[in-house]
Amino acid sequence: MARLRQAMDLLMDTFQEYAGREKDSTMTMIELVKLLRKEFPDEEKSLSAVSTLFCKMDEDSNGVVSFKEFVNIVTEVKLISFQQRVACLR
């Protein structure tokens, strides 16, 4: 399988693992906390930091995060990381 396809499948599987409990497959703040604790065990996760992240992810302010909103924030974080690496090479 192509690497990009594998990456997309991994994003979908990870989202569903934590957000699949509702019929509409959205992620609540509690589910986001579970994801952050398991997927990023060494990172500090204060309640205010998680709340800020959740609000940023929840673009339509409906109190849950859709898969599209999840992908948008993951992409944004990765782009910031990529831009920082490129800037270091200059």
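These numbers come from a predicted model, not from an experiment.

1. So, the packing of helix 2 (residues 29-39) against helix 3 (residues 47-57)
Here's step 1: For the pair helix 2 and helix 3, the least separation of the axes is 10 Å and the interaxial angle reads 115°. Once helix 2 is placed against helix 3, the crossing between them reads as right-handed. From helix 2, Met-29, Leu-32, Val-33 and Leu-36 reach across to helix 3, where they touch Val-50, Ser-51, Leu-53, Phe-54 and Met-57.

2. Some remarks on the nonpolar core
Here's step 1: In terms of nonpolar packing, the biggest core is built from 14 residues, with Met-27, Leu-32, Leu-35, Met-57, Val-65 and Phe-70 touching the most fellow members.
Here's step 2: Contributions of two or more residues to this core are made by helix 1 (3-19), helix 2, helix 3 and helix 4 (67-89).
Here's step 3: Among the elements that make up this core, the one with the highest residue count is helix 2 (four residues).
Here's step 4: Not counting residues within four places of it along the chain, the set of residues in contact with Met-27 comprises Phe-15, Tyr-18, Ala-19, Leu-32, Leu-35, Phe-54, Val-64, Val-65 and Phe-70.

Basis of the calculations
Every chain is numbered independently, its residues counted from 1 as its sequence is written. With the structure being a predicted model, the display of local features is reserved for residues of pLDDT at least 70 and the display and counting of side-chain atom pairs for 80 or more, all residues being used for whole-chain, interface and lining totals. Hydrogen atoms and water are omitted, and side-chain values are computed over all heavy atoms in the structure. Inter-axis angles, ranging from 0 to 180 degrees, are taken between N-to-C directions of lines fitted to C-alpha atoms, where helices are fitted over the stretch in contact. A helix here means a DSSP run of H or I that spans at least four residues, while a strand means a run of E at least two residues long, and both kinds are numbered starting from the N terminus. Working rule for handedness: look at the near helix, and if it is turned counterclockwise from the far one by less than a right angle, call the crossing left-handed; if clockwise, right-handed. The contact criterion used throughout is that any non-hydrogen atoms of two residues lie within 4.5 Å. For the purposes of this section, nonpolar cores are sets of buried Ala, Val, Leu, Ile, Met, Phe, Trp, Tyr and Cys residues that join through side-chain atoms within 4.5 Å. Each residue's exposure class comes from its accessible area (1.4 Å probe, protein chains only) as a fraction of the maximum for that residue type: buried when under 20%, exposed when over 50%, partly exposed otherwise.

These values are about where atoms sit, not about what they do.
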